[in-house]
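Secondary and tertiary structure notes
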Amino acid sequence: MGNRYNFHEIEEKWQKYWEDTGLNALVEDDQRPRYYCLEMFPYPSGRLHMGHVRVYSIGDVIARFKRMQGFSVLHPMGWDAFGLPAENAAIKHNIHPHIWTQANISHMRRELRRLGFSYDWHREVTTCEPDYYKWTQWLFLLLYKNGLAYRKSAPVNWCPSCATVLANEQVVGGLCERCDSVVEKTNLEQWFFQITKYADRLLDGLEQLEGWPEKVKVMQANWIGRSEGTEIRFAVEGLEEELAVFTTRPDTVFGVTYVVVAPEHPLVDKLIAGQENEAEIRAFLKEVMAQDEITRTAEDTEKKGIMTGRYAVNPMNNERVPILIGNYVVGSYGTGAVMGVPAHDTRDFAFAKKYGLPIREVVIPAGKEPAGELTEAYVEEGILVNSGQFTGLPSREAMEKITAYLESIGRGGHKVNYRLRDWLISRQRYWGTPIPIVYCDSCGIVPVPEEQLPIMLPTNVEFRPTGESPLLHCEEFVNTTCPRCGKPARRETDTMDTFIDSSWYFLRYTDPHNDRLPFAKEKADVWMPVDQYIGGVEHAILHLMYSRFIQMVLSDLGLVSSEIPFRNLLAQGMVLQGGAKMSKSKGNVVDPDDIIEQYGADTARLFILFAAPPDKDLEWSDEGIEGAYRFINRVWRLVVDYLDLIKDVSPEVKGDLGPKERTLRRIVHSSVKKVTNDIDKRFSFNTAVSAIMEMVNGMYQYKDTPLDEQNLSVVREAVELLLLVLAPFTPHVTEELWHRLGYEESIHAQRWPAYDEEATRAEELTIVVQINGKVRDRVVVPADSDADTVKEAVFALPRVQEYTAGKTIVKTIVVPGKLVNIVVR
């Protein structure tokens with residue numbers, strides 16, 4: 001190989017060595033302390049992007065560092081392999097999703113190996129394989145048997161082009177995010193997981209997640225959206241029905257002048273049936289329901305409504321108020337109906353003005369008279385007026401008494417409301433985990449017995465251009481026998497939301513080859529919770545929330561001991577180019593393969609770790625890549641130039657050292673200390689790399705010393721420490737140089753180096769000298785100088801004497817080890 005840095009040869013050589021020796025494979029009975037490091041597994045889209053390189057480089061530094069610290073590290077990788085893109089590819093390219101997915105996995109696995117990531121590939125899991133989705137089906141049955149999985153008719157976002165249900169997040173501006181078709185609302189029989197049963201625990205449990213970013217916990221808390229208030233039930237005139245509304249301001253109930261229901265409300269059809277304007281209302285419904293909920297509820301969206309011709313009766317004063325349908329009320333939040341109190345709600349005020357609805361003042365500021373005609377809503381608490389027997393009460397007292405009164409007459413009461421909805425898991429797609437349910441005309445809904453799992457996805461299916469699930473037309477899959485009575489039955493043709501696959505995969509890694517259980521409790525308990533989880537903040541809500549929910553369920557059922565899936569979470573920033581997220585449509589994508597081919601994997605890793613703190617967005621820079629490459633070459637030349645000189649030299653430093661050697665050791669050991677703290681305590685990889693660069697600069701300065709004056713033991717020590725602290729960042733080049741030093745064992749099997757605290761202490765300090773806050777000079781003093789010695793050295797400086805001549809010295813401020821400020825007048 002010679003002395004030239006040939007990264008292609010070096011990287012291929014050591015990747016093969018690591019694989020052949022099983023260096024990264026976990027030893028089951030290892031008695032060392034354990035550490036579980038996990039990055040979110042990727043969807044096998046076909047190629048890695050720089051965002052992947054970033055998250056996996058972060059995880060690999062942590063995993064390698066922890067191994068060197070003496071931990072037995074679980075660091076696995078797998079594939080979140082079900083999902084719509086594979087099915088779309090099947091239609092577009094006439095290739096089966098399984099073939100497309102496996103080809104993509106093979107390519108991406110090669111890319112990950114080329115980057116030198118230290119995964120234990122023996123634990124690889126792939127969610128679209130039967131040995132995995134068998135246990136996803138088992139999980140569904142577990143929830144079903146424990147009353148946490150149920151089926152009901154519900155309004156859903158339906159994309160007619162993709163022929164599937166979309167989550168709210170997949171609807172952008174009323175269009176399908178994948179195909180830009182107009183999304184419709186329709187009612188379908190759907191399967192749900194009852195995550196709302198765990199709403200309080202999911203919210204309260206956020207306090208236990210001390211190692212999670214605060215912004216992620218806030219996002220989850222807002223998504224759960226717990227609020228306490230009052231439910232009020234209005235009778236619907238002419239129908240034996242009630243409209244329930246939730247409010248946090250029951251003190252304003254006497255100011256209700258209308259009620260608005262969501263277009264999705266189950267009573268809408270009854271409310272509008274036979275009305276003169278029914279056709280107009282249905283046209284309005286179609287228009288509104290084509291929009292996604294985020295757009296409808298946005299502050300800047302125009303609030304629209306239409307009269308139904310029906311009236312509700314206020315239970316507090318028996319007043320008839322009109323019922324409208326509004327675009328800003330959504331069926332998925334609260335009761336799907338709101339009471340309109342225009343005098344005391346800004347949105348209601350504008351809505352009432354727009355549609356000529358009455359505005360009645362029922363709360364006024366303490367000590368003030370009613371305003372008469374309002375020019376804006378009064379939204380604060382105050383004293384009740386025009387409120388029957390509750391007139392004169394302060395808002396807080398009125399809230400309690402009105403709520404109690406509603407409860408006493410059976411028309412409401414205290415209520416805790418949540419924004420969180422039950423988890424809709426049904427997908428009208430082929431490429432997903434089959435739901436293990438059959439429908440029997442005699443027995444109804446029947447779960448498939450566990451011994452019949454997995455329910456296999458059939459492979460001989462026909463994909464139609466319409467995008468309709470081929471399972472609907474696969475008779476050998478649909479037609480089956482009832483497990484209970486043996487009569488003909490039909491299989492459920494919906495498949496599961498892929499978020500279920502990813503809600504428990506971290507548990508499978510602890511016991512990936514178990515064919516009797518999804519995981520053995522004793523193995524899961526050894527490793528769980530995950531010590532460090534790493535992934536994008538875009539997963540802050542759904543994936544992380546669902547994983548917490550499933551972990552809590554499993555804990556409640558005694559299948560795991562910890563109800564927390566991830567002890568610590570690092571949400572890394574995006575990789576940008578030109579200030580924008582990399583995407584094919586923007587034409588600003590950088591292919592990792594191209595970077596590896598031109599500069600090597602170590603360069604790609606080093607740049608991505610050095611360019612920005614891990615939790616901040618990173619701006620791609622060709623100059624930055626060039627700089628990382630030059631630095632690695634600089635390290636290479638430094639070590640290679642010394643090899644023959646230090647190969648047989650001991651790194652043990654003995655005897656008295658000269659000032660240059662002490663300076664070098666101070667730089668080296670201070671850098672080791674900083675790198676250790678930056679990785680271990682802060683995950684500040686960019687500043688750790690910066691410290692290593694300072695170390696290399698110091699070593700080059702010492703290298704300029706005449707060779708016969710150099711202490712080669714100090715050099716040997718410095719070279720070894722440099723390679724050891726650089727190893728987690730650039731594993732290939734450090735492995736090569738470590739072996740060239742004469743070592744036979746991998747550098748990644750070495751202990752993380754300790755630093756000599758005494759060596760880090762400076763012998764001399766440079767003190768900044770200020771006069772009236774302006775820098776006038778500097779002075780070098782012994783590091784152990786006391787304040788009086790420092791002041792003596794400062795006042796001996798000619799420039800200080802010049803500036804203070806003829807002036808009164810008011811005071812002298814000494815900041816130990818840093819500066820002296822002389823205040824004069």
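Report on the accompanying structure. All residue numbers here refer to positions counted from 1 along the written sequence of the relevant chain. Local features in a predicted model are, by the rule used here, given only for residues with pLDDT of at least 70; side-chain atom pairs are given and counted only at 80 or more, and totals for whole chains, interfaces and linings are based on all residues. Hydrogen atoms and water are omitted, and side-chain values are computed over all heavy atoms in the structure.

1. Quick look at the side chain of S72
Secondary-structure assignment places S72 in strand β2 (residues 72–74). For S72, a relative accessible area of 1% gives the class buried. Residue contacts follow a heavy-atom distance rule, with two residues in contact if any of their heavy atoms lie within 4.5 Å. Apart from the residues within four sequence positions on either side, S72 is in contact with L26, D30, R32, P33, R34, Y35 and W527. A run of H or I in DSSP counts as a helix once it spans at least four residues, and a run of E counts as a strand once it spans at least two, with each numbered from the N terminus. Exposure categories follow from relative accessible area, calculated using a 1.4 Å probe and restricted to protein chains: below 20% of the type maximum is buried, above 50% is exposed, and the middle band is partly exposed.

2. Remarks on the pairing of strand β32 (residues 774–782)
What makes two strands pair is DSSP finding at least two bridges between them. As defined by bridge partners, strand β31 (residues 764–771) adjoins β32 across 8 bridges and the pair is classed as antiparallel. By the bridge assignment, V768 is partnered in β32 with R778. What sits between the antiparallel neighbours β31 and β32 is a turn of 2 residues, in which N772 has the positive phi angle 55 degrees.

3. What about the pattern of salt bridges?
Criterion for a salt bridge: a side-chain nitrogen of Lys or Arg within 4 Å of a carboxyl oxygen of Asp or Glu. Within the structure shown, the criterion is met by 51 salt bridges. Across the salt bridge formed by E287 and K304, the nearest N and O atoms sit 3.1 Å from each other. Of this pair, E287 sits in helix α9 (residues 278–289) while K304 sits in the loop between α10 (293–297) and β13 (305–313), placing them 17 residues apart in sequence. Residue classification places K304 among the partly exposed positions, given a relative accessible area of 27%.

4. Some words on the pairing of strand β12 (residues 258–261)
Burial of β12 is two-sided: the residues Y258 and V260 facing one way and the residues V259 and V261 facing the other way are all buried. The pairing of β12 with strand β15 (residues 337–340) spans 4 bridges and is classified as antiparallel. Bridging across to β15, V260 finds its partner in V338. Pairing of β12 with strand β14 (residues 320–326), which is carried by 3 bridges, proceeds in the parallel orientation. Following the sheet pairing, V261 is matched in β14 by I325.

5. Things to note about the packing of helix α3 (residues 84–93) against helix α4 (residues 97–114)
Comment: axis = line fitted to C-alpha atoms, over the contacting stretch for helices; angle = value between 0 and 180 degrees taken between N-to-C directions. Relative to each other, α3 and α4 sit at 115 degrees, their axes nearing to 8 Å. Our pair here, α3 against α4, has a crossing hand that is right-handed. Contacts between α3 and α4 involve P85, A86, E87, A89 and A90 from the former and P97, W100 and T101 from the latter. Only Asp, Glu, Lys and Arg are considered charged, only Ala, Val, Leu, Ile, Met, Phe, Trp, Tyr, Cys and Pro nonpolar, and every remaining residue, Gly among them, polar. In the contact of α3 with α4, the residues fall into 6 nonpolar, 1 polar and 1 charged. For any helix crossing, the convention is left-handed if the near helix is rotated counterclockwise from the far helix by under a right angle, and right-handed if that rotation is clockwise.

6. A short note on the sheet that holds β32
Reading across the sheet, the 4 strands line up as β32-β31-β34-β33 and stay open at both edges, with mixed pairing between neighbours. Here the strands that pair on one side only, and so sit at the sheet edges, are β32 and β33 (809–815). Pairs of neighbouring strands in the sheet enclose a mean axial angle of 20 degrees, with direction left out of account. Note that β31 and strand β34 (residues 819–824) share 4 bridges and pair parallel. Following the sheet pairing, V768 is matched in β34 by L819. Sitting on the sheet, helix α25 (residues 787–795) is in contact with β31, β32, β33 and β34, with an inclination near 120 degrees to β33.

7. Section: unusual backbone geometry
Geometrically, the link from L453 to P454 is a cis peptide bond, its omega value of 0 degrees lying close to zero. Along the chain, the position of P454 falls in the loop between β22 (444–447) and α13 (475–478). A cis amide bond, omega 0 degrees, links M528 with the succeeding residue P529. Mapping P529 onto the fold places it in the loop between α16 (521–527) and β26 (532–536). Despite not being glycine, N94 shows a phi value in the positive range, around 55 degrees. Here N94 is to be found in the loop between α3 and α4. Accessibility expressed as a relative area gives 73% for N94, which makes it exposed.

8. Let's talk about the sheet that holds β2
Sheet architecture is open: 4 strands sit in the order β2-β1-β26-β27, paired in parallel fashion. Both outer strands of the open sheet, β2 and β27 (569–572), are each paired with one neighbouring strand and no more. Adjacent strand axes in the sheet meet at a mean angle of 20 degrees, parallel and antiparallel pairs treated alike. As defined by bridge partners, β26 adjoins β27 across 4 bridges and the pair is classed as parallel. Paired with I534 across the bridge in β27 is L570.

9. Re the environment of Y119
As for its placement among the helices and strands, Y119 is situated in the loop between α4 and β4 (125–126). Expressed as a C-alpha distance, the spacing of Y119 and L38, which sit 81 residues apart in the sequence, is 9.8 Å. Excluding anything up to four places from it in sequence, Y119 contacts N24, E39, Y56, H75, P76, M77 and L112. A 3.5 Å cut-off defines polar contacts: any pair of N or O atoms within that distance qualifies, except that in protein one atom must be a possible hydrogen donor and the other a possible acceptor, and neighbouring residues in sequence count only when both atoms are side-chain atoms. In terms of polar contacts, Y119 uses its side chain to reach the side chain of E39, at 2.5 Å.

10. Focus on the packing of helix α22 (residues 685–703) against helix α23 (residues 712–726)
Across the interface, α22 lies against α23 with an axial gap of 11 Å and an inter-helix angle of 160 degrees. Here α22 is positioned roughly antiparallel relative to α23, judged by the angle of their axes. Between α22 and α23 lies a crossing whose hand is left-handed. Facing I692, M695, V696, M699 and Y702 of α22, the residues of α23 in contact are V715, A718, V719, L722, V725 and L726. A breakdown of the residues in the contact of α22 with α23 according to their chemical character gives 11 nonpolar, no polar and no charged. Any angle that is under 35 degrees is reported as roughly parallel, and any over 145 degrees as roughly antiparallel; angles of 65 to 115 degrees are reported as roughly perpendicular and all others as oblique.

11. What to know about a negative patch on the surface
Residues form patches when they are more than 30% accessible in relative terms and have no salt bridge. Like charges link within 9 Å. Nonpolar side chains (Val, Leu, Ile, Met, Phe, Trp, Tyr) link within 5 Å. The Shrake-Rupley method, run with a 1.4 Å probe, gives the accessible areas here. Residue values count only the displayed protein chains as cover. For the purpose of charge, His is not counted, nor are the chain termini; Lys and Arg are scored as positive and Asp and Glu as negative. Lysine's charge is taken at NZ, arginine's at CZ, aspartate's at CG and glutamate's at CD. Together, D784, D786, D788 and E792 line one region of the surface with negative charge. Secondary-structure assignment places D786 in the loop between β32 and α25. Its relative accessible area of 43% is what places D786 among the partly exposed residues.

12. As for the environment of S671
In this fold, S671 is placed in helix α21 (residues 659–682). For the pair S671 and H739, spaced 68 residues apart in the sequence, the C-alpha separation amounts to 23 Å. S671 has contacts with A691 and M695, leaving out every residue within four places of it along the chain.

13. Some words on the packing of aromatic side chains
The pairing test for Phe, Tyr and Trp rings, Trp by its six-membered ring, is centres within 6.5 Å, and the orientation test on the planes gives stacked under 30 degrees, edge-to-face over 60, and tilted for anything in between. Counted according to the given criterion, the structure contains 42 aromatic pairs. Ring geometry for F499 and Y546: centres 5.6 Å apart, planes at 65 degrees, overall edge-to-face. Of this pair, F499 sits in helix α14 (residues 498–501) while Y546 sits in helix α17 (residues 542–556), and the two are 47 residues apart along the sequence. The exposure class assigned to F499 is partly exposed, which follows from its relative accessible area of 25%. Taking relative accessible area as the criterion, Y546 reaches 12% and is therefore assigned buried.

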